[in-house]
Amino acid sequence: QVQLVESGGGLVQAGGSLRLSCAASGSIFSINTMAWYRQAPGKQRELVATITSGGSTNYADSVKGRFSISRDNAKNTVYLQMNSLNPEDTAVYYCNAEAITTARVWLHSWGQGTQVTVSS
């Protein structure tokens, strides 16, 4: 079992910044790709950003130039730095990770989500 716990969400004014963290724990042997998704009320969950174990990143067009994903492999943690936030960024943000357990089982795990609210 691999657990993901997000933190860092909150209320921020338009134009402000937030930094989200997601720490993985459990019987982890290694983690490949980590990602951030978000889901706004009444909308589908959408991919925000991904980062591979080698550090390659990809971003949704809507956040390019504003968001930055990074990871600390020693801490099994992924971060999402969010700048120039606008109300359209309001959503629950979820962490996702592809992990191999110590039993050599491949898992695709999700965190519980953290709320980000951007006011006008």
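Here, the structure is the one placed above.
What this report covers is the structure whose coordinates are included nearby.

What counts and how
- Residues numbered from 1 in each chain as written.
- Predicted model: local features only at pLDDT ≥ 70, side-chain atom pairs only at ≥ 80, totals over all residues.
- Heavy atoms only, no water.
- Core = buried A, V, L, I, M, F, W, Y, C linked by side-chain atoms within 4.5 Å.
- Buried < 20%, exposed > 50% of the residue type's maximum accessible area, 1.4 Å probe, protein only.
- Helix = DSSP H or I, 4+ residues; strand = E, 2+ residues; numbered from the N terminus.
- Pairing = 2+ DSSP bridges.
- Axes fitted to C-alpha atoms, helices over the stretch in contact; angles between N-to-C directions.
- Phe/Tyr/Trp six-rings, centres within 6.5 Å; stacked < 30°, edge-to-face > 60°.
- Lys NZ or Arg CZ within 6 Å of the ring centre and 35° of its normal.
- Disulfide = S-S within 2.5 Å.

**Remarks on the nonpolar core**
Okay, so step 1: Of all hydrophobic cores here, the largest spans 30 residues; its most connected members are Trp36, Val48, Phe67, Val78, Leu80, Met82 and Tyr93.
Okay, so step 2: Of all the elements in the fold, those that place two or more residues in this core are strand E1 (2–7), strand E3 (18–26), strand E4 (28–39), strand E5 (46–51), strand E7 (67–72), strand E8 (77–82), strand E9 (91–101) and strand E11 (114–119).
Okay, so step 3: Considering each element in turn, this core owes the most residues, 5 residues, to E9.

**Thoughts on the pairing of E1**
Okay, so step 1: Where burial is concerned, the two faces of E1 differ: the one with Val2, Leu4 and Glu6 is buried and the one with Gln3, Val5 and Ser7 is not.
Okay, so step 2: Bridge count between E1 and E3: 6 bridges; the pairing is antiparallel. Its bridge partner lying in E3, Val2 is registered against Gly26.

**Section: the sheet that holds E3**
Within a sheet, adjacent strands bond to each other through the backbone by hydrogen bonds, running parallel or antiparallel.
Okay, so step 1: The strand order across the open sheet formed by 4 strands is E1-E3-E8-E7, and the pairing between neighbours is antiparallel. Edge positions in the open sheet fall to E1 and E7, since each of these has one partner strand only. Between one strand axis and the next, the sheet turns through 15° on average, direction left out of account.
Okay, so step 2: The pairing of E3 with E8 spans 6 bridges and is classified as antiparallel. Opposite Ser21, over in E8, you have Tyr79 as the bridge partner.

**Brief notes about the pairing of E5**
Okay, so step 1: As paired elements, E4 and E5 share 5 bridges and run antiparallel to each other. By the bridge assignment for E5, Ala35 is matched with Thr50.
Okay, so step 2: In this structure, the hairpin formed by E4 and E5 is closed by a connection of 6 residues, where Gly42 is found at a positive phi of approximately 75°.
Okay, so step 3: Here E5 runs beside strand E6 (residues 57–59); their pairing, made up of 3 bridges, is antiparallel. Note on E6: the bridge partner recorded for Ile51 is Thr57.
Okay, so step 4: In sequence, E5 turns back onto E6 through a hairpin of 5 residues, with Gly55 there showing a positive phi of about 95°.

**Quick look at the packing of aromatic side chains**
Okay, so step 1: Within this structure, the stated rule accounts for 1 aromatic pair.
Okay, so step 2: One cation-aromatic arrangement involves Arg45 over Tyr94; the distance from NZ or CZ to the ring centre is 3.7 Å.
Okay, so step 3: Here the guanidinium or amino end of Arg45 rests over the ring plane of Trp110, the centre of that ring lying 4.8 Å away.

**Description of the state of the cysteines**
Okay, so step 1: Taken as a whole and judged by the stated rule, the model has 1 disulfide.
Okay, so step 2: The disulfide partner of Cys22 is Cys95, and the gap between their sulfur atoms is 2.1 Å. When the S-S torsion is -85°, as for the bridge of Cys22 with Cys95, the disulfide is left-handed. Here Cys22, found in strand E3, pairs with Cys95, found in strand E9; they are 73 residues apart in sequence, far enough to count as distant.
Okay, so step 3: You can call Cys22 buried: its relative accessible area is 0%.

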